[in-house]
Amino acid sequence: MDLNKASVQDLIALSCIGDYFANAVINEREKLGGFVSIHQIDFIKGLRPEAIKILKQNTVVKNPSAIKKVNVNTATKEELAQIPYINSYIAREIVVQRSKQENPLKIEDLEKINNFPLDKLKIIRLYLAF
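Here is what the cut-offs are and how they apply
- Residues numbered from 1 in each chain as written.
- Predicted model: local features only at pLDDT ≥ 70, side-chain atom pairs only at ≥ 80, totals over all residues.
- Heavy atoms only, no water.
- Helix = DSSP H or I, 4+ residues; strand = E, 2+ residues; numbered from the N terminus.
- Contact = heavy atoms within 4.5 Å.
- Areas by Shrake-Rupley, 256 points an atom, 1.4 Å probe, with all protein chains shown as cover.
- Lys, Arg positive; Asp, Glu negative; His and termini not counted.
- Charge placed at Lys NZ, Arg CZ, Asp CG, Glu CD.
- Core = buried A, V, L, I, M, F, W, Y, C linked by side-chain atoms within 4.5 Å.
- Buried < 20%, exposed > 50% of the residue type's maximum accessible area, 1.4 Å probe, protein only.
- Polar contact = N/O pair within 3.5 Å; in protein donor to acceptor, adjacent residues only side chain to side chain.
- Expected span 1.5 Å × (residues − 1).
- Arc of directions from axis to C-beta.

On a plain count of helices and strands, the chain comes out with 7 helices and 2 strands. The C-alpha extent of the chain, read off along each of the three principal axes, is 55 × 25 × 20 Å. Considering only contacts within the chain whose residues lie at least 6 apart along the sequence, 57% involve residues at least 24 apart. Of the accessible surface of the chain, which amounts to about 7,500 Å², a share of 50% is contributed by carbon and sulfur atoms. Across the chain, 19 positive and 15 negative side-chain charges occur, with their mean positions spaced 2 Å apart.

This is how it looks when you write it as structure tokens:
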């Protein structure tokens, strides 16, 4: 089942996924404008490990939502803060890091930023251009 098309009822039909968590998945999908990776369910608050496992076994992201990539080297703090999993503090730190370097930022440079959500880096990079 395509996670970007599944209804609350489709998700509830899976074992370990009740009404609350089915709605949490749908709400996250709406907040993100659609999933681009199945691994985004790992970051839904409160979703139990067994529910994540069931979702990964029974769903896929067949048609990822179209991503408008943001150039990390030219974007404003406000534009960076619109990227999923990047808050205004991290966006500001990216701009600060960028101003400290002569060369354009690379993905590895983001790892040096204090409090950067490294656990989400694989997904965040899908939203970035360098």
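Here the narrative resumes.
L11, I41, L47, I94 and F116 are the most contacted members of the largest nonpolar core, which has 44 residues in total. Listed by contribution, the elements that provide at least two residues to this core are α1 (8–12), α2 (19–32), α3 (49–58), α5 (88–100), α6 (107–110) and α7 (121–124). Of the residues forming this core, the biggest block, 6 residues, is contributed by α2. Filtering out sequence-adjacent residues up to four positions away, L47 remains in contact with F21, V25, I41, I52 and L55.

Glancing now at the side chain of S37. For S37, the position within the fold is in the loop between α2 and α3. Looking at S37, the relative accessible area reads 13%, which means it is buried. In this structure the side chain of S37 is engaged in a polar contact, spanning 3.1 Å, whose partner is the backbone nitrogen of H39. In contact with S37, other than residues within four places in its own chain, are V61, I123 and L126.

A few words on the environment of L128. Along the chain, the position of L128 falls in strand β2 (residues 128–129). Overall, L128 belongs to the buried group, its relative accessible area being 5%. C-alpha separation for the pair L128 and L80, spaced 48 residues apart in sequence, amounts to 9.0 Å. Once you skip the residues sitting within four places of it in the chain, L128 turns out to touch K69, V70, V72, I83 and L110.

To continue, consider α5. If you check α5, its first and last C-alpha atoms are 19 Å apart, about what 13 residues at 1.5 Å a residue would give, namely 18 Å. Looking at α5, one finds that the buried residues are I90, A91, E93, I94, Q97 and R98. Viewed along the axis of α5, the buried residues span an arc of 160 degrees, placing them on a single side of the element. For α5, the exposed residues set more than 90 degrees away from the buried face come down to S99 and K100. If you follow the buried residues of α5, they end up packed against α4 (77–81) and α6. The N-terminus of α5 is capped by N87, whose side-chain oxygen sits 3.1 Å from the backbone nitrogen of Y89.

Moving on, we come to the side chain of T59. By the element assignment, T59 lies in the loop between α3 and β1 (70–71). At 2.5 Å, the side chain of T59 forms a polar contact with the backbone oxygen of L55. T59 has contacts with M1, L3, L14 and I38, leaving out every residue within four places of it along the chain.

Note that every value here comes from positions in space, so none of it alone points to a role or purpose.
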